[in-house]
Amino acid sequence: MYYASEIVEKIKDSKQIVVYGARIVAKEVATCLMGAPYFFKIDSFVVTSMEGNPQRLLDIPVIDYKEASFKYKDAVVIVAVLEKYLKGILDLLNEEGFKNVISLTFESDLWSEIRGNYFKEFIQSQGKQYITLEEELEKNNSTADNISNMHLYMARCHVDRKLDVDFS
C-alpha cells in the first residue's frame, strides 16, 4: 500500500519537476523523490533570491524564480519549505504564471505520506519488515473495540539529531 497515489501520478505525468526551496526541507524532499519508489528526475531547485543560497544542491542547479519562469513554466513545482513561508511563495508563483504547484511543506500530511512511501522502500531494502497501521489493522481485522493494546508514537523534527536513548 502506498500513500498519495494521485499526487505521485501528477508528478509522474509531468515532463519537468522543480523543487521550490534550497534548504533542508527541499533537500529532503528531493532526496525522497529521487529515491525508491519514485525515481523522479529533479530538473532544478528554485528560490526567491540567489543571495545566501547554494549554486547547486544534490548536484542539481539552483536558480531564481525569474529564470525558472522562462525555463520551467509548465513544470510541476513542488514547494518544499516550512509552512510559515508557503503563502508568500504561492502568491509569487501565481504572479509568475505557474499552474502546476504542489505544496509539500514540512508540516503537511502530504509530506508525511510521501516520506512514508520512501521510508517503507528503504526499510524493505534493508531486508526488514514494514507494516503500515492500515495493514496491521486489516490483518487483525481490528476495530476500535479491540485495539486497546496498540500503541502508536510518532516524533518529527525538521532538524535531525541523535536520540539520547537507543530504542531499537
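Residues numbered from 1 in each chain as written. Predicted model: local features only at pLDDT ≥ 70, side-chain atom pairs only at ≥ 80, totals over all residues. Heavy atoms only, no water.

## A few points about the packing of helix 2 (residues 24-34) against helix 5 (residues 109-125)
Reasoning step 1: Put simply, helix 2 and helix 5 touch, their axes get as near as 9 Å, and they point 45° apart. One element, helix 2, and the other, helix 5, form an angle in the oblique class. As helix 2 packs across helix 5, the resulting crossing turns out to be left-handed. Here Glu28, Val29, Thr31, Cys32 and Leu33 of helix 2 lie close against helix 5, whose contacting residues are Trp111, Ile114, Arg115 and Tyr118.
Reasoning step 2: Of the residues contributing to the contact of helix 2 with helix 5, the split by class is six nonpolar, one polar and two charged. (Axes fitted to C-alpha atoms, helices over the stretch in contact; angles between N-to-C directions. Helix = DSSP H or I, 4+ residues; strand = E, 2+ residues; numbered from the N terminus. Parallel < 35°, antiparallel > 145°, perpendicular 65-115°, else oblique. Left-handed = near helix turned anticlockwise from the far one by under 90°. Contact = heavy atoms within 4.5 Å. Nonpolar A, V, L, I, M, F, W, Y, C, P; charged D, E, K, R; others polar.)

## Some details on the sheet that holds strand 3 (residues 56-57)
Reasoning step 1: Here six strands make up an open sheet; going across it, the order is 3-4-2-1-5-6 and the pairing mixed. In this open sheet, the two edge strands, each paired with only one partner strand, are strand 3 and strand 6 (101-103).
Reasoning step 2: Here three bridges tie strand 5 (residues 76-79) to strand 6, and the two strands are oriented parallel to one another. Opposite Val77, over in strand 6, you have Val101 as the bridge partner. (Pairing = 2+ DSSP bridges.)

That is the geometry; function is a separate question.
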